[in-house]
Amino acid sequence: MTKTSFLPIAAAPALAAVLLAAPLAADGPRLSPIKDPVVAKECSACHMLYPAGLLPARSWAAITANLTDHFGDNAELDAATTQRVADYLAANAADSAKGSGKVLRGLGPAAVPTRITELPWWTRKHDKKDRITLATLARKGAKFKGDCKACHADAERGIFDDDE
Amino acid sequence: MVRKSPGFAAILFVVPPLAAASAMSPAQKAIVDRYVAAARVDPGFSGPSAERGRAFFFTRHAGGKSDTPGCTSCHGSILAGPGQMRSGKPIEPMAPSVVPTRFTDAANVEKWFKRNCGDVLGRECSPAEKVDVLTFLLGL
């Protein structure tokens, strides 16, 4: 039946042992922080400043093409500023020469995620290890699971080391 | 020597309600003046009103997004204190007496009117509405 897809109970201790054998404070990726002051100002006006290397260029293009509906909010910019932001994000995206391929592992070439939390890499690092529960978010003061810096204090500087 | 006439004292007494307007920086005044000029295109425009601006700011509007029915949805009701973005990020207090750089960058003011009027009212704000809201806020 459907239960056969679950891990046999007996395997759980073995799995736990494997997980515990891994370093507890493994270093997360180091990404380049946003260096353009205009991009930094506009992209941090409403939320934390996400490093460009967290999404592929096609995702940034989709986001900057639709700023009037930016996750439900109007984040409209004038044409010149929009272009500057779009160009910077494309040039520094995860799949640019400056990016880290690690972030894109497991992502299909046609997939255009607009949320970092939709990346298979992100899910592997968080959901599957049950790191982000409602209780955790509440304790850390995060209003949503994409608020990286609630747990990764240096996220805006591109440092995502595990802090617990 | 200078003698204070009773008239001078009377002027001093009358001045406080207008003090906010005179405390405006040149940059702030230039921004208000631009919206006033735009508002005057409407012959019904009766001049800036901080009271109308206050009412507009604290009204629960219709036509916008359900989670942002008013200015206070994000800015809060205590305008000398911080507001909060939907993301949880704090918003600097609106009161220029607390944050003197408030309403000193014309492009920034217009950018936020455009975004926020859309989110709160589902339309652009009129120049007269902007004049009133700015006049109210600049008095804080």
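Criteria and thresholds
Residues numbered from 1 in each chain as written. Chains lettered and ligands numbered in written order. Predicted model: local features only at pLDDT ≥ 70, side-chain atom pairs only at ≥ 80, totals over all residues. Helix = DSSP H or I, 4+ residues; strand = E, 2+ residues; numbered from the N terminus. Buried ≥ 20, exposed ≤ 12 C-beta atoms within 10 Å, placed from the backbone. Contact = placed C-beta atoms within 7 Å. Axes fitted to C-alpha atoms, helices over the stretch in contact; angles between N-to-C directions. Parallel < 35°, antiparallel > 145°, perpendicular 65-115°, else oblique. Left-handed = near helix turned anticlockwise from the far one by under 90°. Nonpolar A, V, L, I, M, F, W, Y, C, P; charged D, E, K, R; others polar. pLDDT = per-residue confidence, 0-100. Expected span 1.5 Å × (residues − 1).

**Q** How should I be thinking about the overall build of chain B in this particular structure?
**A** Looking only at helices and strands, chain B has seven helices and two strands in total. When the helices and strands of chain B are read in sequence order from the N terminus, they spell out α-α-α-α-α-β-β-α-α. Here chain B, with 140 residues, has 22% of them falling under the buried criterion. If you take every contact in chain B between residues at least 6 apart in sequence, the share linking residues at least 24 apart comes to 61%.

**Q** What should I look at first to understand the overall build of chain A in this one?
**A** On a plain count of helices and strands, chain A comes out with six helices and zero strands. Along chain A, helices and strands appear, N-terminal first, in the series α-α-α-α-α-α. Across the 164 residues of chain A, 25% fall into the buried class. Taking the intrachain contacts of chain A between residues at least 6 apart in sequence as the baseline, contacts between residues at least 24 apart amount to 59%.

**Q** I would appreciate a short explanation of the packing of helix H3 (residues 26–39) of chain B against helix H7 (residues 127–138) of chain B in the present structure.
**A** Helix-helix packing is described using two parameters, namely the angle between the two axes and the distance between the axes. All names here are of chain B. At their nearest, the axes of H3 and H7 sit 8 Å apart, and the two run at 150° to each other. Judged by the angle between their axes, H3 and H7 are roughly antiparallel. By crossing handedness, the relation of H3 to H7 is classed as left-handed. Across the interface between the two elements, Gln28, Ile31, Val32, Tyr35, Val36, Ala38 and Ala39 of H3 pack against Pro127, Ala128, Lys130, Val131, Leu134, Thr135 and Leu138 of H7. In terms of residue class, the contact of H3 with H7 is built from eleven nonpolar, two polar and one charged.

**Q** Explain the interface of chain A and chain B to me, please; I cannot follow it from the model alone.
**A** In this complex, chain A contributes nine residues to the contact, which on the side of chain B involves nine residues. In terms of residue class, the side of chain A that touches chain B is built from three nonpolar, two polar and four charged.

**Q** What exactly am I supposed to notice about unusual backbone geometry here?
**A** Despite not being glycine, Phe71 of chain A shows a phi value in the positive range, around 55°. Assignment of secondary structure puts Phe71 of chain A in the loop between helix H3 (57–64) and helix H4 (79–91). For Phe71 of chain A, a count of 15 C-beta atoms within 10 Å corresponds to the partly exposed category. With phi around 60°, Phe103 of chain B is a residue other than glycine that occupies positive phi space. By the secondary structure assignment, Phe103 of chain B is in the loop between strand E2 (90–91) and helix H6 (106–121).

**Q** Got a minute to help me understand the environment of Val39 of chain A in this structure?
**A** Residue and element names in this part refer to chain A. Inspection of the secondary structure assignment puts Val39 in helix H2 (residues 37–43). We classify Val39 as buried; it has 20 C-beta atoms within 10 Å. Expressed as a C-alpha distance, the spacing of Val39 and Ala155, which sit 116 residues apart in the sequence, is 16 Å.

**Q** Help me understand the environment of Gly81 of chain B in this model?
**A** Following the sequence through the fold, Gly81 of chain B ends up in the loop between helix H5 (72–75) and strand E1 (83–84). If sequence neighbours within four positions are ignored, Gly81 of chain B has contacts with Gly76 and Pro93 of chain B.

**Q** Whenever I open this one, the confidence of the model for chain B confuses me. Can you help?
**A** Predicted coordinates in areas of low pLDDT are best not read in detail. All names here are of chain B. Averaged over all residues, the pLDDT of chain B equals 87, while 84% of them reach at least 70. When the criterion is pLDDT under 50, residues 9–21 qualifies, and its contacts beyond four places in sequence or with other chains add up to three contacts. Listed scores for the predicted complex are pTM 0.78 and ipTM 0.75.

**Q** Just checking my understanding: could you explain H7 of chain B for this structure?
**A** Two residues of an α-helix separated by three or four positions point the same way, owing to the 3.6 residues in each turn. All names here are of chain B. For H7, built from twelve residues, the straight-helix expectation of 16 Å at 1.5 Å per residue is met to within 8% by its first-to-last C-alpha distance of 16 Å. Among the twelve residues in H7, ten count as buried, and that is most of the element. Among all positions in H7, only Ala128, Lys130, Val131, Asp132, Val133, Leu134, Thr135, Phe136, Leu137 and Leu138 are buried.

**Q** Sorry if this is basic, but what is going on with the confidence of the model for chain A here?
**A** Of the residues in chain A, 80% have a pLDDT of 70 or more, and the chain-wide mean is 83. The model gives residues 15–25 of chain A a pLDDT under 50, and that stretch makes two contacts with residues more than four places away or in other chains.

**Q** Please explain the environment of Ala37 of chain B as it appears in this structure.
**A** Along the polypeptide, Ala37 of chain B turns up in helix H3. Sequence-wise, Ala37 of chain B and Ala128 of chain B are 91 residues apart; in three dimensions their C-alpha atoms are separated by 9.5 Å.

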